[in-house]
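Residues per chain are reported as follows:
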Amino acid sequence: MKRIGMLTSGGDCQALNAAMRGVAKTLFNAKEDVEIYGFLNGYQGLIYGKFRLLTYADFSGILTKGGTFLGSSRTPFKTIQDPDENGLDKVAAMKQNYFKLQLDCLVILGGNGTHKTANLLREQGLNVVTLPKTIDNDLWGTDMTFGFQSAVDIATDAIDCIHTTAASHGRVFIVEVMGHKVGFLTLNAGMAGGADIILIPEIPYDIDKIVEKIKERHDRGSAFTILAVAEGAISKKDAKLSKKEYRKKLENYKYPSVSYEIAEDIKKKSGLDVRVTVPGHTQRGGSPCPYDRVFASRLGSEAGKLILKGEYGFMVGYKNREIVKVPLEDVAGKLKMVDPKSSIVKEAKMLGISFGD
Ligand code: F6P
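What you see is a predicted model, and the numbers here were worked out from it, not measured in a lab.

Student: Looking at this structure, I do not really get the overall build of the protein. What am I missing?
Tutor: Broken down by element type, the protein carries 13 helices and eleven strands. Taking 21 Å as the expected radius of gyration for a compact globule of 357 residues, we find that the protein reaches 22 Å, a close match to that expectation. Classification of the 357 residues of the protein by burial places 53% in the buried group. Partitioning the intrachain contacts of the protein with sequence separation of at least 6 by distance along the chain shows that 74% fall at a separation of at least 24. A gap of 1 Å separates the mean positions of the 49 positive and 42 negative side-chain charges of the protein.

Next up, the structure:
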């Protein structure tokens, strides 16, 4: 008999359900008896003992469904070792609930913060297997996270829609893409949507170069310009600020997000009409695309295989088109970013896309 706990933590994304189904089907189809306990709303469920025994039916009909049927929440790693408002030791509580249920292993689906806590639990002696989810694709140790491709599709769709109206009106349009501190989503959706300018955190921009590119397009007869701007995009000037100085700037920030600052700067410098579109959380919503359904199912299945073999302490990742197991201690606390010297950036530049650098 294997007793498994399962939880989804952090911002949701597409294919979380597909991944859990992948784990569960693999376990239920094995010869061994298996019990799966679902903890509700991420680590909160594990801390406060909110769980339910899941059956085969719970994993039926969820392959195509977005979100997570277990619910999710953000439980920041930086305060995980602090007592809660009632003085509860959260880490001790998680261990207690794990041992009370006599679990053999926890399956944890999450992104960067989630992996730090998962690794802490491993260090505390719990058996853990994790799966890499996030639309940001910023998890170290895997070339791809599930949710990413679906979000690329949605962000691309937004850029496509903007393209036709931008062309009709001869306007400059900014589409702000999620991705937190990294630019994978913006880079891929920007290229797929034919953006003329792509701004990502890894390549700080110079507003004059952006205006130059817009003017160059105008001179060539293109009255409109599309910018795909990562929510974490940063100017060269701001990139030079210390963390403290940058935080201070944000405290007095008058814009809803960086795209609005860029829009105002472009208007001031060029006199052109600029519009901003922010697809926001739509990028995390809806059904997973077919790629993510297959990818998450495969990762889930491999996680099930590890559990059946009793191999714990790993994230199931994807490297050079192979599914791999990556030690959790290697994953935790590291951020994967776009390499400004990578071939995809070079190719984008050869296509005439400006990164504002
Ligand atoms: O990590 C996924 C993500 O969607 C980021 O792209 C974004 O910066 C963040 O989560 C938004 O967080 P929240 O849903 O908590 O506002």
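There is more to say, and it comes next.
Student: Is there a simple way to explain the packing of helix α5 (residues 148–169) against helix α6 (residues 184–192) in this structure?
Tutor: How two helices pack is summed up by the angle between their axes together with the distance between the axes. Following both chains from N to C, one finds α5 and α6 inclined at 50 degrees, their axes separated by 8 Å at the closest point. One element, α5, and the other, α6, form an angle in the oblique class. As for how α5 packs across α6, the hand of that crossing is right-handed. Across from Phe 148, Ala 151, Val 152, Ala 155, Thr 156 and Ile 159 in α5, the residues of α6 making contact are Phe 184, Leu 185, Asn 188, Ala 189, Gly 190 and Ala 192. The residue makeup of the contact of α5 with α6, split by class, is nine nonpolar, three polar and no charged.

Student: Can you help me understand the pairing of strand β8 (residues 225–230) in this one?
Tutor: Each regular strand carries side chains that alternate between the two faces of the sheet. For β8, a buried count of six out of six residues is recorded, marking the element as mostly surrounded by other parts of the structure. Where strand β7 (residues 197–199) meets β8, three bridges bridge the pair, whose relative direction is parallel. The residue of β8 that forms the bridge with Ile 198 is Ala 228. Assessed by its sense of winding, the connection that carries the chain from β7 through helix α7 (residues 207–219) to β8 is right-handed.

Student: Would you mind showing me how to read the packing of aromatic side chains here?
Tutor: Two numbers describe a pair of aromatic rings. These are the distance of the centres and the angle of the planes. Per the stated rule, a full pass over the model turns up nine aromatic pairs. Here the aromatic rings of Tyr 253 and Tyr 255 are separated by 5.3 Å at their centres, their planes lie at 70 degrees, and the arrangement is edge-to-face. The exposure class of Tyr 255 is buried, given its relative accessible area of 16%. Judged by centre distance (5.6 Å) and plane angle (40 degrees), the ring pair of Tyr 291 and Phe 295 falls under tilted. Residue Tyr 291 and its partner Phe 295 are both found in helix α11 (residues 290–309); the two are separated by four residues, about one turn of the helix. Each residue in the set Phe 28, Tyr 56, Phe 59 and Phe 69 is aromatic and connected to the rest through ring pairs, giving one cluster. For Arg 217, the ring lying beneath its charged end belongs to Phe 224, and the centroid distance is 5.1 Å. Between the NZ or CZ atom of Lys 336 and the centre of the ring of Phe 184, over which it lies, the distance is 5.3 Å.

Student: Looking at this model, I keep getting lost on the sheet that holds strand β5 (residues 128–132). Mind explaining?
Tutor: In any sheet, the strands associate via hydrogen bonds between backbone groups, in a parallel or an antiparallel arrangement. With mixed pairing, the seven strands of this open sheet are ordered in space as β3-β2-β1-β4-β5-β10-β11. Sheet topology places β3 (51–54) and β11 (322–327) at the edges, where each strand pairs with a single neighbour. For this sheet, the mean angle separating the axes of adjacent strands, direction not counted, is 30 degrees. Alignment of strand β4 (residues 105–110) against β5, held across five bridges, turns out to be parallel. Bridged to Gly 110 within β5 is Pro 132.

Student: What's the story with unusual backbone geometry in this structure? I'm lost.
Tutor: Negative phi is the rule for most residues except glycine; trans is the rule for most peptide bonds. Its identity as a non-glycine residue notwithstanding, Gln 102 has a phi of 55 degrees, on the positive side. Accessibility expressed as a relative area gives 56% for Gln 102, which makes it exposed. Within the chain, Arg 321 stands out as a residue other than glycine whose phi angle is a positive 65 degrees. Of note, Arg 321 is situated in the loop between β10 (314–319) and β11. According to the relative accessible area criterion, Arg 321 is exposed, its value standing at 70%.

Student: Help me understand the site of the ligand, please; the structure alone is not making it clear to me.
Tutor: Inspection of the region around the ligand gives Arg 74, Ile 135, Asp 136, Met 178, Gly 179, His 180, Glu 231, His 281 and Arg 284 as its neighbouring residues. One of the backbone nitrogen or oxygen atoms of Gly 179 is found 3.0 Å away from an oxygen atom of the ligand. Within the side chain of Arg 284, an N or O atom sits 2.8 Å from an oxygen atom of the ligand. With the chains in place, 72% of the 400 Å² that the ligand exposes on its own is no longer accessible. Per-class residue counts for the shell around the ligand are two nonpolar, three polar and four charged. A domain-level breakdown of the shell around the ligand finds at least three residues from each of domain 1 (2–147 + 288–331) and domain 2 (151–284).

Rules used throughout
- Residues numbered from 1 in each chain as written.
- Predicted model: local features only at pLDDT ≥ 70, side-chain atom pairs only at ≥ 80, totals over all residues.
- Heavy atoms only, no water.
- Helix = DSSP H or I, 4+ residues; strand = E, 2+ residues; numbered from the N terminus.
- Rg over C-alpha atoms; globule rule 2.2 N^0.38 Å.
- Buried < 20%, exposed > 50% of the residue type's maximum accessible area, 1.4 Å probe, protein only.
- Contact = heavy atoms within 4.5 Å.
- Lys, Arg positive; Asp, Glu negative; His and termini not counted.
- Charge placed at Lys NZ, Arg CZ, Asp CG, Glu CD.
- Axes fitted to C-alpha atoms, helices over the stretch in contact; angles between N-to-C directions.
- Parallel < 35°, antiparallel > 145°, perpendicular 65-115°, else oblique.
- Left-handed = near helix turned anticlockwise from the far one by under 90°.
- Nonpolar A, V, L, I, M, F, W, Y, C, P; charged D, E, K, R; others polar.
- Pairing = 2+ DSSP bridges.
- Right-handed = clockwise from strand over helix to strand, strands pointing away.
- Phe/Tyr/Trp six-rings, centres within 6.5 Å; stacked < 30°, edge-to-face > 60°.
- Lys NZ or Arg CZ within 6 Å of the ring centre and 35° of its normal.
- Near = heavy atom within 4 Å.
- Polar contact = N/O pair within 3.5 Å; in protein donor to acceptor, adjacent residues only side chain to side chain.
- Areas by Shrake-Rupley, 256 points an atom, 1.4 Å probe, with all protein chains shown as cover.
- Domains from an automatic or database assignment.

By themselves, these observations are geometric and do not establish any function.
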